[in-house]
Amino acid sequence: MNQDLIPSSLSDLYANMVTGFSSQIGKFVELIVTPGWRQYQLVIILFLWALALVLKVLTQSRWDAWARARTGWPKWRLRTLVHLMQRLTLVYFVLLAWGLYLLMQHITWPSRSYIIGVIATLAAAWLAIALVARLVRNRTLRRIFKWAMWVYATLVALNLTDDVADFLDGLAISIGDLHISALGILKAVLLIGILLTLARVGTRAAERGLKGNDDITPSMQVLLAKGIQVLLYGAVFMAAIRTLGFDLTGIALLSGAIGVGIGFGLQKVVSNLISGIIILMDRSIKPGDVISLGDTFGWINALGARYVSVVTRDGREYLIPNEDLITNQVVNWSHSDRFVRLDLEFGTSYGDDPHKVRATAIRSVKTVKRVLSGGSHEPVCHITGFGDSSVDYVLRFWISDPTKGLTNIRGNVYLALWDAFQAEGISLPFPQREVRLLSDSADAQQIAKE
C-alpha cells in the first residue's frame, strides 16, 4: 500500500465531495429562494398536504368500515391494509402529488414541476420503505433498514448518488492485489443482508413444505431442512467473502489451521452435531416421540443441531445434548407405535377368591378412560405370588396416548380398583406386627424357651 498517496487522495476526495454537495445544495436552495414557479411549487405542495389531511378526515370512517368487513382476507393482506390505514394521509399525498406532477409534465414546462416531482418521489419512497420494513421483525434491524433506505432514496431524488459513490470508492486501502473501499464494504453489507434475508425466508419455506409432505418421515424432514439451511447460509458466507474481494485459495491454508484448532477446542460441540445427524438418519428419535432418559419423561418437541428439546408434563422444557441420546440408554415409548402397556401391582387378602379378584380388576379397569380393550390390547390380570400377608397380582392394560401422562392414568386405575373392591367386599391387606413387652428376665427366658 502506497502511504504517500492516501492523504492527498483523501483530501481531493473530500474536496470533490464538498464541492459536489455544495453545488447540488446550492442549486436546490436557488430553486427555492428565486422568485417564480419555485415558490409556487412549494405552495402547491403545502396545499396538497392540507388536502390529503382533509381527505383523511372525510374518508377515515368509511375506510375503517370497509377494512373491518374484509374478514376473509389472508393475514398478510390484512396487515398491509392496517399499515396503509395508519398512513392514510401519506397515501393521499403520494397519489395527489404524482397525479399533479404527471399532469404538469404534459401541460407546462418540466421545470415548473421539478420540486413537486422530487417531493412526490421522496414521499412514495418513504411509503414503500415503511411497508417493506415491516418484513424485518428485529426492531433494531428494522430501524437501520429504514434509515439506510431513506438516505438512499433521498440521494436518488436529489441526484447525488454519483458524487457519494465516487467519494466512498475513494476511501480505500490496498494490500497487494487486495483493494477494499468503503463503497465495496457498503455494497457487501447490503448484499449480505439481502442474501441472509432470502436464505432465512427460503429455509422457512422449505421447512413448511417438508412438514406438509406426509411421504417424508419427521426425522428426514428435520434432516433435509437442516441440510438446506446449511447450504443456503454457506452460499451466503462464500458470496460475502467473494464480494469483499478475498481470494478463497489464499485463505485455504489459514482456514484449515483455524478449523483444526476449533475442532480440538469444540469437541463436545462437534460430537453433538455428529450425534444429531446420526439421530436424524437412523430415525431412532423423531418429533412427537415419548421418551424417558434418566429421570426425564416427556415428548420430543424439536430436534436441533446440538440438542433435543423434550417437554415434560409439568411444562418444563429440557434441552438434552444429542450425545447423551447416543451414548445413554433411552426408552422410546412410541418408537414403532404409540401403544404403551402399563403394569399395576396390588395384593388382596387370602380370604378372597382369586378368580373373583381377577375378574373384578379387569372389569374395573375397562371403565377408565384412555384404557384400551379388545384384541391384543385386552387388559389382563395375573397372580404373581403368595406374599407374607397378601396374594400378589399384576394388572396389565394398554393406552395409546402416553403424551397425556402416565401417573394420572395409574391413579385413575387405582381408584377404579378401590371402588370395585369395596363394592365386591374384597379387602386390601396391610402389614400387621405383634409386639410383646418383656417385664423381667424370667419372662424373657420363658419366651426364649418357647
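Further up the page is the structure itself.
Residues numbered from 1 in each chain as written. Predicted model: local features only at pLDDT ≥ 70, side-chain atom pairs only at ≥ 80, totals over all residues. Heavy atoms only, no water.

Enquirer: I'm lost on the nonpolar core in this one. Help?
Expert: When a protein is soluble and globular, its nonpolar side chains tend to lie buried together. Ranked by size, the top nonpolar core spans 23 residues in total, and within it Phe-346, Leu-395, Phe-397 and Val-413 carry the most contacts. Here Phe-346 is in contact with Val-357, Ala-361, Cys-381, Val-391, Asp-392, Tyr-393, Leu-395, Leu-417 and Phe-421, once residues within four sequence places are set aside. Ile-45, Tyr-92, Phe-93 and Ala-97 belong to the second-largest nonpolar core, a separate cluster that totals 17 residues. (Core = buried A, V, L, I, M, F, W, Y, C linked by side-chain atoms within 4.5 Å. Buried < 20%, exposed > 50% of the residue type's maximum accessible area, 1.4 Å probe, protein only. Contact = heavy atoms within 4.5 Å.)

Enquirer: Which parts of the structure should I look at to understand the sheet that holds strand S8 (residues 340-348)?
Expert: Note on sheets: strands pair through backbone hydrogen bonds, and any given pair is parallel or antiparallel. Spatially, the 3 strands line up as an open sheet ordered S8-S10-S9, and their pairing is antiparallel. Across the chains shown, the open sheet's two edge strands, defined by having one partner strand only, are S8 and strand S9 (380-386). Neighbouring strand axes in the sheet, compared pairwise and without regard to direction, differ in orientation by 25° on average. Running over the sheet, helix H14 (residues 407-424) touches S8 and strand S10 (391-399) and is turned about 35° from S8. (Pairing = 2+ DSSP bridges. Helix = DSSP H or I, 4+ residues; strand = E, 2+ residues; numbered from the N terminus. Axes fitted to C-alpha atoms, helices over the stretch in contact; angles between N-to-C directions.)

Enquirer: What should I look at first to understand the pattern of salt bridges in this one?
Expert: The full count for this structure, using the stated rule, is 7 salt bridges. Between Asp-343 and Arg-396 there is a salt bridge, and its shortest N-O distance comes to 3.6 Å. Taken together, the positions of Asp-343 in strand S8 and Arg-396 in strand S10 put the pair 53 residues apart, joining distant regions of the chain. Assessed through its relative accessible area of 33%, Asp-343 is described here as partly exposed. (Salt bridge = Lys/Arg side-chain N within 4 Å of Asp/Glu carboxyl O.)

Enquirer: Explain a positive patch on the surface here, please?
Expert: Taken together, the side chains of Lys-75, Arg-79, Arg-137, Arg-200, Arg-204 and Arg-208 present a region of like positive charge at the surface. Residue contributions to the positive patch peak at 3 residues, all from helix H8 (residues 182-211). In this fold, Arg-79 is placed in helix H3 (residues 75-86). (Patch = residues over 30% accessible without salt bridge, like charges linked within 9 Å, V, L, I, M, F, W, Y side chains within 5 Å. Areas by Shrake-Rupley, 256 points an atom, 1.4 Å probe, with all protein chains shown as cover. Lys, Arg positive; Asp, Glu negative; His and termini not counted. Charge placed at Lys NZ, Arg CZ, Asp CG, Glu CD.)

Enquirer: Looking at this model, I keep getting lost on the pairing of strand S4 (residues 296-303). Mind explaining?
Expert: Looking along a regular strand, one sees side chains alternate from face to face of the sheet. As defined by bridge partners, strand S3 (residues 290-293) adjoins S4 across 4 bridges and the pair is classed as antiparallel. Looking across to S4, one finds that Leu-293 is bridged to Thr-296. Connecting the antiparallel pair S3 and S4 is a turn made up of 2 residues, with Gly-294 showing a positive phi of about 65°. Hairpin remark: S4 followed by strand S5 (residues 307-312), antiparallel, with 3 residues in the connecting loop.

Enquirer: What is the right way to read the environment of Leu-88 from this model?
Expert: In this fold, Leu-88 is placed in helix H4 (residues 88-107). The buried category is assigned to Leu-88, whose relative accessible area is 7%. Sequence-wise, Leu-88 and Val-57 are 31 residues apart; in three dimensions their C-alpha atoms are separated by 9.6 Å. Those residues in contact with Leu-88, other than ones at most four positions away along the chain, are Lys-56, Thr-59, Gln-60 and Trp-63.

Enquirer: Would you mind showing me how to read the environment of Ala-359 here?
Expert: Among the secondary structure elements, Ala-359 is positioned in helix H13 (residues 354-365). In the structure, Ala-359 is positioned 21 residues away from Val-380 in sequence and 9.1 Å away in space, judged by C-alpha atoms.

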